[in-house]
Each structure stands twice: as structure tokens, then as C-alpha cells.
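A closer look at the structure
The lines below spell out each chain.
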Amino acid sequence: QVQLVESGGGLVQAGESLRLSCAASGRDFSPNAMGWSRQAPGKQREFVATITSSGITNYADSVKGRFTISRDNAKNTVYLQMNSLKPEDTAVYYCNANIRTRISDSVGAVGDYWGQGTQVTVSS
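Please read these numbers as outputs of a predicted model, since none were measured by experiment.

**Some words on the overall build of the protein chain**
Helix and strand content of the protein chain: zero helices and eleven strands. When its helices and strands are written in sequence order, the protein chain yields β-β-β-β-β-β-β-β-β-β-β. In summary, the protein chain has a C-alpha radius of gyration of 15 Å against a globular reference of 14 Å for 124 residues, a match within 12%. Viewed in the frame of its principal axes, the protein chain has a C-alpha envelope of about 55 × 25 × 25 Å. Looking at the 124 residues of the protein chain, the share that counts as buried comes to 39%. Excluding contacts between residues fewer than 6 apart, the proportion of contacts in the protein chain whose partners are at least 24 apart in sequence is 57%. Here the protein chain displays about 6,700 Å² of accessible surface, and carbon together with sulfur accounts for 46% of that area. Within the protein chain, one finds 12 positive and 10 negative side-chain charges whose respective centroids are separated by 1 Å.

**Some details on the pairing of strand β8 (residues 77-82)**
Across the six residues that make up β8, a large majority, five, are buried. Pairing analysis gives six bridges linking strand β7 (residues 67-72) to β8, with the strands arranged antiparallel. Opposite Ser-70, over in β8, you have Tyr-79 as the bridge partner. Between β7 and the antiparallel strand that follows it, β8, lie four residues; Asn-76 among them carries a positive phi value of about 50°.

**Here's the deal with the environment of Asp-112**
In this structure, Asp-112 sits in strand β10 (residues 108-114). Residue Asp-112 is classed as exposed on the basis of its relative accessible area, which comes to 59%. When residues no more than four places from it in sequence are discounted, the contact partners of Asp-112 are Ala-97 and Asn-98. A polar contact of 2.9 Å, which involves the side chain of Asp-112, links it to the side chain of Asn-98.

**Some thoughts on the state of the cysteines**
Going through the model one piece at a time under the given rule, you end up with one disulfide. Each disulfide pairs two cysteine sulfurs, and for Cys-22 the partner residue is Cys-95, the sulfurs being separated by 2.0 Å. Linking Cys-22 and Cys-95, the disulfide has an S-S dihedral of approximately -80° and is accordingly described as left-handed. Note that Cys-22 is positioned in strand β3 (residues 18-26) and Cys-95 in strand β9 (residues 91-102), a separation of 73 residues in sequence. You'll find Cys-22 and Cys-95 in the same group, each marked buried.

**Remarks on the sheet that holds β3**
Reading across the sheet, the four strands line up as β1-β3-β8-β7 and stay open at both edges, with antiparallel pairing between neighbours. The open sheet has two edge strands, β1 (2-7) and β7, and neither has a second partner. Direction aside, neighbouring strands of the sheet carry axes that sit 15° apart on average.

Cut-offs used in this document
Residues numbered from 1 in each chain as written. Predicted model: local features only at pLDDT ≥ 70, side-chain atom pairs only at ≥ 80, totals over all residues. Heavy atoms only, no water. Helix = DSSP H or I, 4+ residues; strand = E, 2+ residues; numbered from the N terminus. Rg over C-alpha atoms; globule rule 2.2 N^0.38 Å. Buried < 20%, exposed > 50% of the residue type's maximum accessible area, 1.4 Å probe, protein only. Contact = heavy atoms within 4.5 Å. Areas by Shrake-Rupley, 256 points an atom, 1.4 Å probe, with all protein chains shown as cover. Lys, Arg positive; Asp, Glu negative; His and termini not counted. Charge placed at Lys NZ, Arg CZ, Asp CG, Glu CD. Pairing = 2+ DSSP bridges. Polar contact = N/O pair within 3.5 Å; in protein donor to acceptor, adjacent residues only side chain to side chain. Disulfide = S-S within 2.5 Å. Axes fitted to C-alpha atoms, helices over the stretch in contact; angles between N-to-C directions.

Function cannot be inferred from these measures alone, as they are strictly geometric.
Quick look at the structure:
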């Protein structure tokens, strides 16, 4: 019913910037908290950043001061501005969202959704 699609990944050199976007689409839904995680080759997926529906943000120490998460509620979209990229930022970046969906006028549901991931590669 709801899909999350990331975009904006690519290949950049160290020190450059990228902005990732994740748009939620579907019918009769409202995102609650949204966020980003990443998984580098051979490593576990790790938390990157989250933002609540009211705009409260949280960042991993490794990206604090370099990455900025934001959202446009009217577009159901969350963004990740990545500045001063480092080779260690290379990973597949995944968008996630806690989403409230409408089943009927009096019944709803809440669930977690994940995007397919977008590759970010930072060369040295």
C-alpha cells in the first residue's frame, strides 16, 4: 500500500556533497518518524539519522555536524544532506518510516516501511 523510494545516490570524491531524497507514495497514509540507516560491505546496518513528525532530529556521532536530515510533510518526503563526505561513508543508504494508514473511518494501522536502498560511493 505504501512505498518508499530513495534517490540521489551516486559516486563522488571525498569532500563533496550529496543530497538523498526519499518519497513515500500510496493512498490514505501519514508518515510519523522517518529516518536513514546505512550498510557498508561486510558490516552491519547502522543508524544514521531520524526526524520526528514535529521536527526533532537525532544523529549518529559519526555523521553529526556533516549530515542534516529534514522533511517536507506536504510532499511526504525526507531528505539527507550529506556534506564533507568521506570514504567511510560509502554504503547503501536506506530510508525508513513509521507510517499510519487508514483502513476505514474508524480503523487504522501503524507499521514500519523500508526503501530499496541507494548506493553512495565516496572515492579517495
